[in-house]
There are 2 protein chains.
Amino acid sequence: MSVAVGMASPELLALTLALTFRFNESTMSSRLGNKIRGSVMSDGSMRRGMGWSTMADVAREAGVSLMTVSRVYKRPDSVAQRTREKVLETGRRLGFSPNSIAGNLASGRTSMIGIVVPSLRNSNNATSIQGMADYLRQASYHFMIANTGYSMEDEAAVVKAFMQRRPDGMVLTGTRHGHETIDLLKAAHMPVVETWETRGPFIDMATGFDNYEAARRITRHLVDRGYRTIGYIDYPAIGLDRYLERLRGLKDELGSAGLEPTSVVSPLDAGDLYQDASSFRGGALGLRKLQEASRDIDAVLCASDILAVGVLFECQRQGVRVPDQLAVAGFGDFEIAAEVPPGLTTIRTHGYQIGWNAAEMLVTRINQPRAEIPLRDVGYDLVVRGSS
Amino acid sequence: MSVAVGMASPELLALTLALTFRFNESTMSSRLGNKIRGSVMSDGSMRRGMGWSTMADVAREAGVSLMTVSRVYKRPDSVAQRTREKVLETGRRLGFSPNSIAGNLASGRTSMIGIVVPSLRNSNNATSIQGMADYLRQASYHFMIANTGYSMEDEAAVVKAFMQRRPDGMVLTGTRHGHETIDLLKAAHMPVVETWETRGPFIDMATGFDNYEAARRITRHLVDRGYRTIGYIDYPAIGLDRYLERLRGLKDELGSAGLEPTSVVSPLDAGDLYQDASSFRGGALGLRKLQEASRDIDAVLCASDILAVGVLFECQRQGVRVPDQLAVAGFGDFEIAAEVPPGLTTIRTHGYQIGWNAAEMLVTRINQPRAEIPLRDVGYDLVVRGSS
DNA sequence: TTGTACGCGTTATCAA
DNA sequence: TTGATAACGCGTACAA
């Protein structure tokens, strides 16, 4: 029996050889007591021994002990150079690849991070996931992701499921979580970073920015520009902390100018939100709702750039001139904000940095369990463009 | 010693109790021979025994055998109801959470899928990742993701790293991969699905659509509409199979109409591409390049909707009327295509379905290693809107 | 329906 | 610098 292949590279030959070797061994001597070896040959229900070479195989072939092989792959410096080379060469020849699962069990560390986001399609999340991915990769960590669809029950389920895989740390989006989630993580002493907000209380660590202050800042900009009849297009009211903070910031800032929001609308229903793709349309719908509520509205602030761009598109269709007849502002500074005519005034957030920070904080804490790791505020910037 | 907490839920109390119990046990009797138990109390370098309750703990407390506990959590039906309830209750009380890592090692299955994408910020990928996530979740699988930044070397490194975690299957983006990657996967008999293309050869399984035919289809539409001077804005030339196919489709279709592309430009440099966010700007740059190459260009086809929307924005800035002076077409049918005035003509792809399929095919193959799983073509649709 | 025995492939510890 | 040994926590096979 041999492995069927197309092009045969040295690496492939090595692995083929390794597999063949293992099968022969089990067929002939079975001295480890394994009656069956290799799922490839078995009846399908049997999955023990996947046909991979093990450290024991390499050790035997190279004439060293198992621990030496382990050291060669884990801390190469702790092994004499000649030994190391011999082992590596043997390993290559046998197509050996260390089994992390076994290592995890023995060491109690998985080098795995669990990441929980509301949606995988959200640009904000994508950016900070990329930040985490870039940091984690150079630190030799892997990560699992799951999305909650903005539901706390799902979040709890996801966290529970992740815990069974014993990740070394966990990243959550936002700071509002169910008791079950919080209790579970705290009791397990799981290193946790909460992201996108700087207002606690936190389970453990956090990085983000002050959504409340950012919303006040951009509202103040609109007020300073002379706009007085200001509407707000919110995310659907599902109680996401950071969006609640943005709305609160808007109201407080208008309040201190003796104003109040002319109208606050939430254009999407839950179904749309879960899709998370329908937000341009949400912005357009939102504008129409605002116009129904008040004909003389002169500025619209949106909970995200996507909504705001949807507003700009709707203005274009209606022939409403921006910013002369209507000012529009968003939140996020996605690429489109700079590109869409006439340019979208918005709050620049630093999603990539949030992701990077979260990963870095986690890894620091994992390596130094006692470390006190303070909140990291990445700040925000007001970016004024043609729409206001 | 006890766990510090804010609000104490029943679940938390259970877990606290479990941890305390374990610590006491080790401190007092240490009858398993563990000198140290629980990383929380140790000096930081010691990580064995994480302080979690184990099946053995539950078994002892519930007065059953370890296997009974295992069965309760793996195949509850195979245990008498009374026994099951007793075990579950004990498990809850001890805050027990099955350790998948140990289960993986024992069973040879990880219930983990490795997903390799070029970029985490790309909308296409995000959509199909969501499809995979939704399928995998209901099938009780988790997944790891890594991005390659469009580099084959990085892809090989990522695949190698994933293999050490012994995933049950792997999803790759596209069909063009390095020999090293291919050989490794084949030799390991790893179930693999390649996505977004239906033209082989494949490592194992594939789902996607025919990019070549789709490009011909939308090109034909432009030709039928009477456009004759057609430019193309490509992704950067890094040899991504599906983009090469799109360009080939354009050329062939124009060819059979006795035409040829007026100009083909690739507006982004590699740095921009890696960011993957700068594509609106890429479209705008591309249009300007096309205009430099030929003043009487009357239609532009783009390799993606994002580029096409960038073209629309640039038209708006230049005062070019769409579609009267210039027709614009994209590829992807992202939400923005329907929302941006005057509506973007494009090819609708089915990214979510591709992701869902990929996951489903993988799980099928994992459960039935012998299964022949044919290519799944999800097709595409021409969507004509105001821009052409 | 439940239990016993053993192995999964690695790492921590301690001794040489 | 290297080796022997004992876990890590669970699932498979088989027996009762």
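Criteria and cut-off values
Residues numbered from 1 in each chain as written. Chains lettered and ligands numbered in written order. Predicted model: local features only at pLDDT ≥ 70, side-chain atom pairs only at ≥ 80, totals over all residues. Heavy atoms only, no water. Core = buried A, V, L, I, M, F, W, Y, C linked by side-chain atoms within 4.5 Å. Buried < 20%, exposed > 50% of the residue type's maximum accessible area, 1.4 Å probe, protein only. Domains from an automatic or database assignment. Pairing = 2+ DSSP bridges. Helix = DSSP H or I, 4+ residues; strand = E, 2+ residues; numbered from the N terminus. Axes fitted to C-alpha atoms, helices over the stretch in contact; angles between N-to-C directions. Contact = heavy atoms within 4.5 Å. Parallel < 35°, antiparallel > 145°, perpendicular 65-115°, else oblique. Left-handed = near helix turned anticlockwise from the far one by under 90°. Nonpolar A, V, L, I, M, F, W, Y, C, P; charged D, E, K, R; others polar. Phe/Tyr/Trp six-rings, centres within 6.5 Å; stacked < 30°, edge-to-face > 60°. Lys NZ or Arg CZ within 6 Å of the ring centre and 35° of its normal.

Named according to an unreviewed UniProt entry, chain A is LacI family DNA-binding transcriptional regulator originating from Aquibium carbonis.

A.B. asks: Explain the nonpolar core residue by residue, including any values.
C.D. replies: Of all hydrophobic cores here, the largest spans 102 residues; its most connected members are V311, L326 and I336 of chain A together with V311, L326 and I336 of chain B. With 46 residues, the next largest nonpolar core counts V363 and I373 of chain A together with M132 and A133 of chain B among its residues.

A.B. asks: I'd love a proper account of the domain arrangement of chain A, names of residues and values included.
C.D. replies: What the domain assignment reports for chain A is domain 1 (55-98), domain 2 (112-209 + 352-378) and domain 3 (211-347). Centre-to-centre, using C-alpha coordinates, domain 1 of chain A lies 36 Å away from domain 2 of chain A.

A.B. asks: Quick one: what's the story with the sheet that holds strand β9 (residues 327-329) of chain B, residue by residue and with numbers?
C.D. replies: Residue and element names in this part refer to chain B. The strand order across the open sheet formed by four strands is β7-β6-β8-β9, and the pairing between neighbours is parallel. The open sheet is flanked by β7 (263-265) and β9, the only strands paired with a single partner. Across the sheet, the mean angle from the axis of one strand to that of its neighbour is 15°, orientation sign disregarded. The pairing of strand β6 (residues 230-233) with strand β8 (residues 299-302) spans four bridges and is classified as parallel. When the bridges of β8 are listed, G231 appears paired with V300. On top of the sheet, helix α12 (residues 279-293) reaches β6, β7 and β8; it is set at about 145° to β6, its chief contact.

A.B. asks: Hey, could you go over the packing of helix α6 (residues 123-138) of chain B against helix α15 (residues 351-367) of chain B for me, with residue numbers and the actual values?
C.D. replies: Residue and element names in this part refer to chain B. Close contact between α6 and α15 brings their axes to 6 Å; oriented N to C, the two are set at 40°. Judged by the inter-axis angle, α6 sits oblique to α15. Taken as a pair, α6 and α15 cross one another with a handedness that is right-handed. On α15, the residues that touch T127, S128, Q130, G131, M132, D134, Y135 and L136 of α6 are G351, Y352, G355, W356, A359, E360 and V363. In terms of residue class, the contact of α6 with α15 is made up of seven nonpolar, six polar and two charged.

A.B. asks: Describe the packing of aromatic side chains, and please don't skip the residues or the numbers.
C.D. replies: Per the stated rule, a full pass over the model turns up 17 aromatic pairs over all chains. Summarising the aromatic geometry, the rings of W196 of chain A and F209 of chain A are spaced 6.3 Å apart at their centres and angled 75° between planes, so their arrangement reads as edge-to-face. With W196 of chain A in the loop between β4 (192-195) and β5 (205-208) and F209 of chain A in the loop between β5 and α9 (211-224), this residue pair connects regions lying 13 residues apart in the sequence. Since its relative accessible area comes to 3%, W196 of chain A is described here as buried. When the centroid spacing of 4.1 Å and the interplanar angle of 5° are considered together, the rings of Y235 of chain B and Y243 of chain B count as stacked. For the residue pair Y235 of chain B and Y243 of chain B, the accessibility class agrees, reading buried in each case. Through a chain of ring-to-ring contacts, the aromatic side chains of W196, F209, F331 and Y380 of chain A assemble into a single cluster. Taking the ring centre of W52 of chain A as reference, the NZ or CZ of R166 of chain B above it sits at 4.0 Å. R248 of chain B extends its terminal NZ or CZ atom over the ring of Y212 of chain B, reaching a point 4.1 Å from the ring centre.

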